[in-house]
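# Coordinates in review
The residues making up each chain are set out below.
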Amino acid sequence: MIEMKNVVKSFGLFTALHGVDLQVREGEIVVVIGPSGSGKSTLIRCINQLEEHNGGEIIVDGAQVGHGRKSTVLTEVGMVFQSFNLFPHMTVLRNVALGPVRVRGLSWAAAEERAQRLLARVGLEGHVGKYPAQLSGGQQQRVGIARALAMEPKVLLFDEPTSALDPEMVGEVLDVMQQLAKTGVTMVVVTHEMGFARRVADRVVFMDGGRIIEEGPPDEIFSSPRDPRLGSFLQAVL
Ligand code: ADP
Ligand code: MG
């Protein structure tokens, strides 16, 4: 579903990704871990072309992305941000319905019906008429997930979706993500929630200094890290 080959991303003279190779199979759940500044956000922002890579290739669902190709693939990739990024002046229902109307050409009626169904799925059926500011952080992030799902993406990218939440709200968002993981959608999740990685990931990818240092099944990554950089990262976070 995603193939990155020798992907390089520089910001001016600074290189954030030094030739990354990553393959994600259809339906696979990949969790990306690593210290702050290691290039995790840059990696997933290159996949959905919020950043354009300078070298190498990125192929999503069989189509090249980047280098001037504004690929239709981008509408197949959904993103959930740390900071929710909801429109404050729109109701929850409108926030979720907007993408399908604007990008997929659905009528408002059809898009709102889809939004209702998705908001129920993330446990927010009673909140559809509210504005984002009237919701808790955990509820806002569940709206963010419903909004991403409304585009019926083949790939869902999450960039630290629980990092901005108060601790008591982390669980409700991770629960929704764990349910999603069972539906067959391909997911790439950047997170510091090691419990989630252990429970849900098919594969864990450890980044440091703009490189993938180690990857493998969660059991192996957490129980027998080979690279000393992974060992000391785990000691610091576990
Ligand atoms: P992570 O998500 O792992 O914390 P990032 O991908 O955000 O790391 O950043 C990786 C490196 O790239 C950091 O050193 C960061 O400062 C740098 N970087 C990220 N975005 C930009 C940008 N727009 N301009 C300049 N440097 C950036
Ligand atoms: Mg980041």
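Residues numbered from 1 in each chain as written. Chains lettered and ligands numbered in written order. Predicted model: local features only at pLDDT ≥ 70, side-chain atom pairs only at ≥ 80, totals over all residues. Heavy atoms only, no water.

The chain is annotated in an unreviewed UniProt entry as Amino acid ABC transporter ATP-binding protein from Microvirga terrae.

### Describing the packing of helix 2 (residues 92-102) against helix 4 (residues 137-150)
Where helix 2 meets helix 4, the closest approach of the two axes is 8 Å, and the angle between their N-to-C directions is 25°. Here helix 2 lies roughly parallel to helix 4, going by the angle between them. Relative to helix 4, helix 2 is oriented so that their crossing is right-handed. Between helix 2 and helix 4, the residues in contact are Val92, Asn95, Val96 and Pro100 and Val143, Ala146, Arg147 and Ala150, respectively. Taken together, the residues that form the contact of helix 2 with helix 4 break down as 6 nonpolar, 1 polar and 1 charged. (Axes fitted to C-alpha atoms, helices over the stretch in contact; angles between N-to-C directions. Helix = DSSP H or I, 4+ residues; strand = E, 2+ residues; numbered from the N terminus. Parallel < 35°, antiparallel > 145°, perpendicular 65-115°, else oblique. Left-handed = near helix turned anticlockwise from the far one by under 90°. Contact = heavy atoms within 4.5 Å. Nonpolar A, V, L, I, M, F, W, Y, C, P; charged D, E, K, R; others polar.)

### Let's talk about helix 1 (residues 40-47)
Helix 1 sits mainly inside the fold: 6 of its 8 residues count as buried. Those residues of helix 1 that sit buried are Lys40, Thr42, Leu43, Ile44, Cys46 and Ile47. Among the residues trailing helix 1, glutamine 49 stands out with phi positive, at a value near 65°. (Buried < 20%, exposed > 50% of the residue type's maximum accessible area, 1.4 Å probe, protein only.)

### A word on the pattern of salt bridges
One pass over the structure, following the stated rule, counts 11 salt bridges. For lysine 5, the salt bridge goes to glutamate 57, with nearest N and O atoms at 3.7 Å. Remark: glutamate 57 occurs in strand 4 (residues 55-60) and lysine 5 occurs in strand 1 (residues 2-11); sequence separation between them is 52 residues. Among the ionic pairs, arginine 94 bridges to glutamate 112, the shortest N-O distance being 3.2 Å. With a gap of 18 residues between them, arginine 94 in helix 2 and glutamate 112 in helix 3 (residues 108-121) connect regions that are remote in the sequence. Judged by its relative accessible area of 22%, glutamate 112 is partly exposed. (Salt bridge = Lys/Arg side-chain N within 4 Å of Asp/Glu carboxyl O.)

### Let's talk about the sheet that holds strand 6 (residues 77-80)
As summarised here, the arrangement of the 6 strands in space is 6-7-8-3-9-10, forming an open sheet in which the pairing is mixed. The open sheet is flanked by strand 6 and strand 10 (211-216), the only strands paired with a single partner. Strand-to-strand twist of the sheet, defined as the mean angle between neighbouring strand axes without regard to direction, takes the value 20°. Pairing of strand 3 (residues 29-33) with strand 9 (residues 203-208) involves 4 bridges; the strand directions are parallel. Of the residues in strand 9, the one forming a bridge with isoleucine 33 is phenylalanine 206. Strands strand 3, strand 7 (155-159) and strand 8 (186-190) of the sheet are contacted by helix 5 (residues 167-181), whose axis makes an angle of about 150° with strand 8. On the sheet, helix 8 (residues 228-237) packs against strand 3, strand 9 and strand 10 and is oriented at approximately 100° with respect to strand 9. (Pairing = 2+ DSSP bridges.)

### Quick word on the site of ligand 1
Residues in close proximity to ligand 1 include Phe11, Phe14, Ala16, Pro35, Ser36, Gly37, Ser38, Gly39, Lys40, Ser41 and Thr42, which together make up its full environment. A distance of 3.1 Å separates an oxygen atom of ligand 1 from a polar backbone atom of serine 38. Threonine 42 is positioned with one of its side-chain polar atoms (N or O) 2.6 Å from an oxygen atom of ligand 1. Secondary-structure elements contributing two or more residues to the shell around ligand 1 are strand 2 (14-24) and helix 1. Considering every element that reaches the shell around ligand 1, the biggest residue donor is helix 1, with 3 residues. Per-class residue counts for the shell around ligand 1 are 4 nonpolar, 6 polar and 1 charged. (Near = heavy atom within 4 Å. Polar contact = N/O pair within 3.5 Å; in protein donor to acceptor, adjacent residues only side chain to side chain.)

### Details of the side chain of threonine 162
If you trace the backbone, threonine 162 turns up in the loop between strand 7 and helix 5. Classification of threonine 162 by relative accessible area gives buried; the value is 5%. If we ignore the near neighbours within four places in the chain, the residues touching threonine 162 are Val170, Val173, Leu174, Thr191 and Glu193.

### Some remarks on the sheet that holds strand 1
A sheet is described by the order of its strands in space; here 4 strands give the open sequence 2-1-4-5, paired in antiparallel fashion. Edge positions in the sheet fall to strand 2 and strand 5 (63-64), since each of these pairs with one other strand and no more. With 5 bridges connecting them, strand 1 and strand 4 associate as antiparallel partners. By the bridge assignment for strand 4, lysine 5 is matched with glutamate 57.

### Overview of the environment of asparagine 6
When you line up the elements, asparagine 6 lands in strand 1. C-alpha separation for the pair asparagine 6 and arginine 121, spaced 115 residues apart in sequence, amounts to 38 Å. Aside from chain neighbours lying at most four places away, what touches asparagine 6 is Gly19, Val20, Asp21, Gly55 and Gly56.

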